Amino acid sequence: MTPATGVASTVRFPAGFTWGAATASFQIEGDRAGRGDCVWDTFCRRPGAVVHGDHGDVACDHLRLMADDVKMMADLGLQAYRLSISWPRVLPQGTGAASPSGLAQYHRLFELLLEHDIEPVPTLFHWDLPQALEDRGGFRQRESAWWFADYAALMAEEYGDTVDRWATFNEPWCYAYLGHASGEHAPGLRDRAAAVAVAHHELLAHGHALQAMRSVRPNLSLGIVINPSPVHVDDTVDPDVERRIDGTLNRWWLDAALLGRYPLDVLDDLGPLATCVQDGDEGTIGQELDWLGINYYNDHFYTARTATTPGVSPHVTAPGSAPLVVDRPQTDIGWPITPQGFEALLVRLQRDYGDALPPVYVTENGAAYQSAPAEVPDADGVVHDERRIRYYDAHLRAVAAAIEQGVDVRGYFAWSLMDNFEWAWGYSQRFGLVYVDYATQQRIPKASAHWYAQVARTNQLPG
Ligand code: IFM
């Protein structure tokens, strides 16, 4: 393998490396029939919360089109598909009676995937909490850990005979802090204590879910997906802000899940906000993991907030920080392109966690592009998204470089299989390998999809 971030030489990946793509339930499924409301349904109804007032009622209509979508994945040569289960679809009230039709929809999806030799990799929680549970306090309540564990055990029982690899949570930092501190995401609260309670209860739920799933099916391969990122600050802020943000964004999740303890400096920074942590909780959280999922898009840069900085910082221990716009190329969503940071992050995981680090999967990585030059089908129906190809190429070179340095990365899932509902951005941002015409639900694989199919087939990046 030739490691060389940014250098156009052929790069080979280890034999057996898994190539996949990812989506999430609320972002693509549609089909409201039988599904209970989730917090995102409610949030989308809040005026001004989501661009253009977009919502998930139809999205990519994937549940109706799943047979065609799976065939498309097979045509693209995907070996694995990371999806999420909609908790309120299988348990409309979050607890209690399961929905037979909701359960049947995922049985059908898993069967289709397996028929096409595509491994399903479901995540149990990708932010669409049943509204019925939110009405009972959501993850702010300690009881949520047991609601989630019961749901997880049900999923293991129902599907665990054919589906082996599961993630408990997707990016729990986002649900806790964007959802409860800055309020940019559902449920849209601005309450620092609530955000920290959610951050802790999500992890407690993760630990209980691992125990519950293993008690039902001991041989499942279980992991969690987090979104750590290198943190950089400019000289307008106290340098300690870098440590503080690194603490709540990165080390809180990694230390707890891999080492079974929260970092002492973060507990110190949080002070009374962390009284939700009880004796024994950290041990419960630190159950053995079979794999760790890493979602990476960009490094994070911060400056000092000013009187004109909009909104509220999600960083509860560094409330005076604001995102810094750096002078470097960015994707259309405004995120800087920092593949070197991705390599550094993966190498740091190995350095900081050593033997405690299980095999790593890159469970999301990708780029939003939709504006000039227009990434819509041309007269021949081709979507020329060369910028996305360059983004993928650079980030896959970063993964290869990390592997070369000894990081055990076993697979990569592009975000996303297809354009979809990008949370507070609605449908205004397109991350897909496949273009979705929302008016007709036509799918058109972009140039990047064909490029990615070749990478997956050859297990290498072209020079
Ligand atoms: O679309 C999201 C996904 O749901 C979680 N990770 C980041 C993606 C891009 O914002």
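As shown above, the structure is provided for reference.
Residues numbered from 1 in each chain as written. Predicted model: local features only at pLDDT ≥ 70, side-chain atom pairs only at ≥ 80, totals over all residues. Heavy atoms only, no water.

Engineer: What's the story with the pairing of strand S6 (residues 221–226) in this structure? I'm lost.
Structural biologist: Successive residues of a regular strand alternate their side chains across the two faces of the sheet. S6 sits mainly inside the fold: six of its six residues count as buried. Both faces of S6 are covered, namely the face carrying Ser221, Gly223 and Val225 and the face carrying Leu222, Ile224 and Ile226. As defined by bridge partners, S6 adjoins strand S8 (residues 291–295) across four bridges and the pair is classed as parallel. The partner of Ile224 across the bridge, within S8, is Leu292. (Buried < 20%, exposed > 50% of the residue type's maximum accessible area, 1.4 Å probe, protein only. Helix = DSSP H or I, 4+ residues; strand = E, 2+ residues; numbered from the N terminus. Pairing = 2+ DSSP bridges.)

Engineer: Please explain helix H9 (residues 192–216) as it appears in this structure.
Structural biologist: Each α-helix turn comprises 3.6 residues. Residues three or four places apart therefore point the same way. Helix length check: H9 (25 residues) gives 36 Å between terminal C-alpha atoms against 36 Å at 1.5 Å per residue, within 8%. Burial analysis of H9 places 19 of its 25 residues in the buried class, which makes it a mostly covered element. The opening residue of H9, the one whose side-chain oxygen lies 3.1 Å from the backbone nitrogen of Ala193, is Asp191. (Expected span 1.5 Å × (residues − 1). Polar contact = N/O pair within 3.5 Å; in protein donor to acceptor, adjacent residues only side chain to side chain.)

Engineer: Whenever I open this one, the site of the ligand confuses me. Can you help?
Structural biologist: As a structural note, the neighbourhood of the ligand is formed by Gln27, His126, Trp127, Asn170, Glu171, Tyr297, Trp335, Glu364, Trp415, Glu422, Trp423 and Phe431. At 2.7 Å, a side-chain N or O of Gln27 approaches an oxygen atom of the ligand. Taking Trp415, its side chain carries an N or O atom lying 3.3 Å from an oxygen atom of the ligand. If the ligand stood free it would expose 280 Å²; the protein chains cover 95% of that surface. In terms of residue class, the shell around the ligand is built from six nonpolar, three polar and three charged. (Near = heavy atom within 4 Å. Areas by Shrake-Rupley, 256 points an atom, 1.4 Å probe, with all protein chains shown as cover. Nonpolar A, V, L, I, M, F, W, Y, C, P; charged D, E, K, R; others polar.)

Engineer: Please clarify how the sheet that holds strand S9 (residues 300–304) should be interpreted in this entry.
Structural biologist: Where strands meet in a sheet, backbone hydrogen bonds hold them as pairs that are either parallel or antiparallel. Reading across from one edge, S7-S9-S10 is the order of the three strands in this open sheet, with mixed pairing throughout. Looking at which strands have only one partner, the edges of the open sheet turn out to be strand S7 (231–233) and strand S10 (321–323). Along the sheet, successive strands turn relative to each other by an average axial angle of 40 degrees, direction set aside. Sheet strands touched by helix H10 (residues 240–259): S7, S9 and S10. Its angle to S7, the strand with the most contacts, is close to 155 degrees. (Axes fitted to C-alpha atoms, helices over the stretch in contact; angles between N-to-C directions. Contact = heavy atoms within 4.5 Å.)

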